[in-house]
Amino acid sequence: MFTFFHKKEKITLDVFTCDTVAYNCSPVVKATKMIPDWWKELPIPSIGDAFNNMDCGPIQTNMKRCFGFFELFKKSFIVSMAYDLHLKIINDVINYYTLGPAPQFHQKSHYGDAFPNHKNIKITSPWLFHEKTGIYFAVFGAEWNLHKFNIKVLPGIDNYIIPQQGNINLMLQTNLKEEYNIYLKIGTPLYHIVPLTEKQVEIKCHLITSDEYKKLLYK
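Residues numbered from 1 in each chain as written. Predicted model: local features only at pLDDT ≥ 70, side-chain atom pairs only at ≥ 80, totals over all residues. Heavy atoms only, no water.

Caption draft 1: The arrangement of the sheet that holds strand β14 (residues 189-195) in detail. If you trace the 5 strands from one edge of the open sheet to the other, you get β2-β3-β14-β8-β10, paired in antiparallel fashion. Among the strands making up the open sheet, the edge pair consists of β2 (29-30) and β10 (156-159). Across the face of the sheet, helix α3 (residues 67-75) comes into contact with β2, β3 (77-80), β8 (136-141) and β14 while running at roughly 85° to β14. (Pairing = 2+ DSSP bridges. Helix = DSSP H or I, 4+ residues; strand = E, 2+ residues; numbered from the N terminus. Contact = heavy atoms within 4.5 Å. Axes fitted to C-alpha atoms, helices over the stretch in contact; angles between N-to-C directions.)

Dropping the structure here:
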């Protein structure tokens, strides 16, 4: 009897930038490289669990046994902040300070009655995504890394057969009585990209010229 093993077809997600700081300091990476520190610092759970060993005493378990957490970080990529961004929210006014591109704001009329106590801000990404086969990707906030921030990262589904900028929409709470600050440093994990395919997907980051970037963007 013969058994034949077939290698899974590899798909490449290419990400391009002409920003040397983003390329060197905050590349798009496998999510396993961005596992949060709080998870790493959890104690190793004791042997036994409620399903397999009812007599093991108090069950010492934690997130280090969470299958969903493992699989998310194994199967996704993370996009991080490419520049420092300081946000100051006073009532419904959002002030910002940054050395990167200025954030953009969608008007309330763009999303109707949704999020009545929030305002939108769009963070401009220096990354351009391109994937030639047309598979879809789920995109959503890196919530396990963003637990300290009062923000909502809005999810979506995308594909990159036509090169797309990796901009991200956030919602900031604006109904609080006291002003508050959000400081998103360069390298802060911002969102996950999960390939919606059983095929193996690898990522490659490319540093290109600004002219090459424009040609891809307006391809």
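Caption draft 2: Examining the sheet that holds strand β13 (residues 180-184) more closely. Pairing is antiparallel across the open sheet formed by 3 strands, whose spatial order is β5-β4-β13. Each edge of the open sheet carries a strand with a single partner, namely β5 (93-98) and β13. Each adjacent strand pair in this sheet contributes to an overall mean axis angle of 15°, direction not counted. With 5 bridges connecting them, strand β4 (residues 85-90) and β13 associate as antiparallel partners. Within β13, the residue paired with K88 across the bridge is N181.

Caption draft 3: Geometry of the packing of aromatic side chains. Under the definition given, this model contains 9 aromatic pairs. Both rings, one in W38 and one in F69, keep their centres 6.2 Å apart while their planes meet at 70°; by these two values the pair is edge-to-face. Note that W38 is positioned in helix α2 (residues 37-40) and F69 in helix α3, a separation of 31 residues in sequence. Chaining the aromatic ring pairs together yields one cluster made of W38, W39, F69, F70, F73 and W144. Residue placement shows K64 over the ring face of W39; its charged tip is 5.3 Å from the ring centre. (Phe/Tyr/Trp six-rings, centres within 6.5 Å; stacked < 30°, edge-to-face > 60°. Lys NZ or Arg CZ within 6 Å of the ring centre and 35° of its normal.)

Caption draft 4: Structural context of the layout of surface pockets. Computed from the structure, the largest pocket encloses a volume of approximately 360 Å³. Contributions of two or more residues to the lining of the largest pocket are made by α2 and β13. It is α2 that contributes the most residues to the lining of the largest pocket, 3 residues altogether. As a volume, the second largest pocket reaches approximately 300 Å³. If you go around the second largest pocket, you meet 12 residues; those closest to its centre are K75, T197, E198, K199 and Q200. Residue assignment for the lining of the second largest pocket shows that the elements contributing at least two residues are α3, β14 and β15 (200-207). (1 Å grid on protein atoms, 1.4 Å probe; cavity = no way out; pocket = protein on both sides within 12 Å on 5 of 7 lines; lining within 4 Å. Points joined across faces, edges and corners; volume = space filled by probe spheres on them.)

Caption draft 5: Here's a closer look at the environment of Y23. By secondary structure assignment, the location of Y23 is in helix α1 (residues 20-25). Exposure remark for Y23: the relative accessible area of 29% places this residue in the partly exposed category. Linking Y23 and P126, residues 103 residues apart in sequence, is a C-alpha distance of 9.2 Å. Y23 has contacts with T17, W127, C205, H206 and L207, leaving out every residue within four places of it along the chain. (Buried < 20%, exposed > 50% of the residue type's maximum accessible area, 1.4 Å probe, protein only.)

Caption draft 6: Focus on the pattern of salt bridges. Scanning all chains against the criterion turns up 3 salt bridges. In this structure, E202 and K10 form a salt bridge, with 3.9 Å as the shortest nitrogen-oxygen distance. You can see E202 sitting in strand β15 and its partner K10 sitting in strand β1 (residues 10-17), a full 192 residues away along the chain. Of the residues examined, E202 reaches a relative accessible area of 24% and is grouped as partly exposed. Assessed through its relative accessible area of 49%, K10 is described here as partly exposed. K75 is the salt-bridge partner of E71, the closest N and O atoms lying 3.3 Å from each other. With E71 and K75 both in helix α3, this residue pair falls 4 residues apart, about one helical turn. (Salt bridge = Lys/Arg side-chain N within 4 Å of Asp/Glu carboxyl O.)

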